[in-house]
Amino acid sequence: MGDDLKRIFGPVPSRRLGLSLGIDVIPYKTCSFDCIYCECGQTTRKTCTREEFFPLSAILGELDTRLAGIRDKPDVLTLSGAGEPTLYSRMGELIIEAKRMSGLPVAVITNSSLLSDPVVREELGAADIILPSLDAAIEETFERINRPHEECDLHGIVTGLECFLERYRGTVLFEVMLIGGINTNDHNLTTLGNTLERFRFDRLQLNTAVRPGTDRSVEPLGETELNRIRCFFGDNSEMIAPASARASHEEEVIEDKILSLIERRPCTLEDIHRSLGIPLQGLVKFIDVLSREGRIVTQDHGGTRFFTAAQRE
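Residues numbered from 1 in each chain as written. Predicted model: local features only at pLDDT ≥ 70, side-chain atom pairs only at ≥ 80, totals over all residues. Heavy atoms only, no water.

**A look at helix α2 (residues 91–102)**
Reasoning step 1: An ideal rise of 1.5 Å per residue puts 16 Å on twelve residues; α2 measures up with 16 Å between its terminal C-alpha atoms.
Reasoning step 2: Those residues of α2 that fall on the buried side of the exposure criterion are Met91, Gly92, Leu94, Ile95, Ala98 and Ser102. When α2 is viewed along its axis, its buried side chains cluster within an angular range of 165° and face the same direction.
Reasoning step 3: Buried residues along α2 sit against β2 (18–23), α1 (56–68), β5 (76–79), β6 (106–110) and α3 (118–124). (Helix = DSSP H or I, 4+ residues; strand = E, 2+ residues; numbered from the N terminus. Expected span 1.5 Å × (residues − 1). Buried < 20%, exposed > 50% of the residue type's maximum accessible area, 1.4 Å probe, protein only. Arc of directions from axis to C-beta. Contact = heavy atoms within 4.5 Å.)

**A closer look at the layout of surface pockets**
Reasoning step 1: What the second largest pocket holds in volume is close to 190 Å³.
Reasoning step 2: Lining the second largest pocket, in full, are Pro118, Arg121, Glu122, Gly125, Cys163, Phe164, Arg167 and Tyr168.
Reasoning step 3: Looking at the lining of the second largest pocket, the elements with two or more residues in it are α3 and α5 (154–167).
Reasoning step 4: A per-class count over the lining of the second largest pocket returns four nonpolar, one polar and three charged. (1 Å grid on protein atoms, 1.4 Å probe; cavity = no way out; pocket = protein on both sides within 12 Å on 5 of 7 lines; lining within 4 Å. Points joined across faces, edges and corners; volume = space filled by probe spheres on them. Nonpolar A, V, L, I, M, F, W, Y, C, P; charged D, E, K, R; others polar.)

**Things to note about the sheet that holds β6**
Reasoning step 1: An order of β1-β2-β5-β6-β7-β8-β9-β10 is seen for the eight strands of this open sheet, with the pairing classed as mixed. Where the open sheet ends on each side, the last strands, each with one partner, are β1 (8–14) and β10 (237–239). Here the average twist between neighbouring strands, direction ignored, is 25°.
Reasoning step 2: Contacting β2, β5 and β6, α2 runs over the sheet at an angle of about 165° to β5. (Pairing = 2+ DSSP bridges. Axes fitted to C-alpha atoms, helices over the stretch in contact; angles between N-to-C directions.)

**Re the packing of helix α6 (residues 186–196) against helix α7 (residues 223–233)**
Reasoning step 1: Remark: α6 packs on α7, axes separated minimally by 11 Å, with the N-to-C direction vectors making an angle of 40°. For the pair α6 and α7, the sense of crossing is right-handed. Touching Asp186, Leu189, Thr190, Leu192, Gly193 and Leu196 of α6 are Arg228, Ile229, Phe232 and Phe233, all from α7.
Reasoning step 2: Across the contact of α6 with α7, the residue classes tally to six nonpolar, two polar and two charged. (Left-handed = near helix turned anticlockwise from the far one by under 90°.)

**Here we look at the confidence of the model for the protein**
Interpreting fine coordinate detail is not advised for predicted regions of low pLDDT.
Reasoning step 1: Chain-level statistics for the protein give a pLDDT mean of 87 and a share of 91% at 70 or above.
Reasoning step 2: The least confident element of the protein, judged by mean pLDDT, is helix α8 (residues 241–244) at 51; the most confident is α3 at 98.
Reasoning step 3: Low pLDDT, under 50, characterises residues 1–5; the stretch is placed with eleven contacts to residues that sit more than four places away or in other chains.
Reasoning step 4: Across residues 243–248, confidence stays below pLDDT 50; counting only partners more than four residues off in sequence or on other chains, it has eight contacts. (pLDDT = per-residue confidence, 0-100.)

**Here we look at the packing of aromatic side chains**
Reasoning step 1: Applying the stated criterion across every chain yields a total of five aromatic pairs.
Reasoning step 2: Seen from their ring centres, Phe232 and Phe233 are 5.2 Å apart, and the 90° between their planes marks the pair as edge-to-face.
Reasoning step 3: Among the aromatic side chains, those forming a connected cluster through ring pairs are Phe174, Phe199 and Phe201.
Reasoning step 4: A cation sits over an aromatic face here: Arg7 above Phe54, 3.9 Å from the ring centre. (Phe/Tyr/Trp six-rings, centres within 6.5 Å; stacked < 30°, edge-to-face > 60°. Lys NZ or Arg CZ within 6 Å of the ring centre and 35° of its normal.)

**Structural notes on the environment of Met91**
Reasoning step 1: Within the fold, Met91 resides in helix α2.
Reasoning step 2: Between the C-alpha atoms of Met91 and Asp300, which are 209 residues apart in sequence, the distance is 38 Å.
Reasoning step 3: In this view, Met91 contacts Arg50, Leu79, Pro85, Thr86, Val120, Glu123 and Leu124; residues no more than four positions away in its chain are not counted.

**A look at α7**
Reasoning step 1: For α7, every residue scored as buried is listed here: Leu226, Ile229 and Phe233. Taken end-on, α7 shows its buried residues confined to a sector of 65°, consistent with a single buried face. Residues Glu223, Thr224 and Cys231 are exposed on α7 and point more than 90 degrees away from its buried face.
Reasoning step 2: Phi for Gly234, located one or two positions after α7, is positive at around 95°.

**A short note on the side chain of Asp24**
Reasoning step 1: Tracing the backbone shows Asp24 in the loop between β2 and β3 (30–31).
Reasoning step 2: You can call Asp24 buried: its relative accessible area is 2%.

**Observations regarding unusual backbone geometry**
Reasoning step 1: Phi is positive for Ser112, close to 75°, though the residue is something other than glycine.
Reasoning step 2: Within the element layout of this structure, Ser112 appears in the loop between β6 and α3.

**Considerations on the pattern of salt bridges**
Reasoning step 1: The tally for this structure, following the rule as stated, stands at 18 salt bridges.
Reasoning step 2: When the shortest N-O distance is used, the salt bridge between Arg50 and Glu123 registers 2.7 Å. Placement of the pair is Arg50 in the loop between β4 (45–46) and α1 and Glu123 in helix α3, with a sequence separation of 73 residues. Across this residue pair, the class does not change: Arg50 and Glu123 are buried.
Reasoning step 3: Residues participating in the shared-partner salt-bridge network are Glu52, Arg90 and Glu93. (Salt bridge = Lys/Arg side-chain N within 4 Å of Asp/Glu carboxyl O.)

Structure below.
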């Protein structure tokens, strides 16, 4: 990966999508939510305002260059990252052009927050695969888990999802994040189940917080509880948490490379980026995860932040 490739990452193996080449069109942690379980860290810019954060022509240029340099063709292009992809104001054009350039299907991972907007629904309809989420159908629970922007309205989100999924003909993999003691009691599950019955989707995928999130008190559910909830939602649901509990092989390789580098000498984020060729946007996510797991140490020296490997016991 060259230094000019900063919005494209991967390809990375995905259980749900196969080999996925990521397109990250949102500045780090610009999001409509500030979810307590987000492993990428706290939202630094909470917004519902759509913008062309990065020029569409530049993103497509990076994508074209990256596709030309890939030996093994990915299965899918995925709009994702450390923010909410539907906030990108030229998302519809990006999806259409990316499909034309690559001949590949396009997937979009979304928290569903902007689906109350008919323009967003129309643009999203160009994608081949949608991975929307809804963690709660009770306002108090929704507010507690997702900590949404003040303009995000649960009723509007649910209505928007219903309108979109009623007309959408692509593949829909619907995700629910299960947080013990918050959305896993009978009242929350029943209310959410009744709401989900209003939606058309291909598969309901149940997840739990397997890595540290913004709220350190959030713990992953145990296997017995996960199985109970899967049975509650029925045969069209599946647990994806066990497969998510460990980093993918490629992620582990990248983490090992980072640790190997900073074991030899302290490095800044830019040092790691230039030494290993990892795009800055993706690198921030790896650094955040390694820091939360206690595997790296942050040191400030002369106003500059350095990263070193934590001492092994």
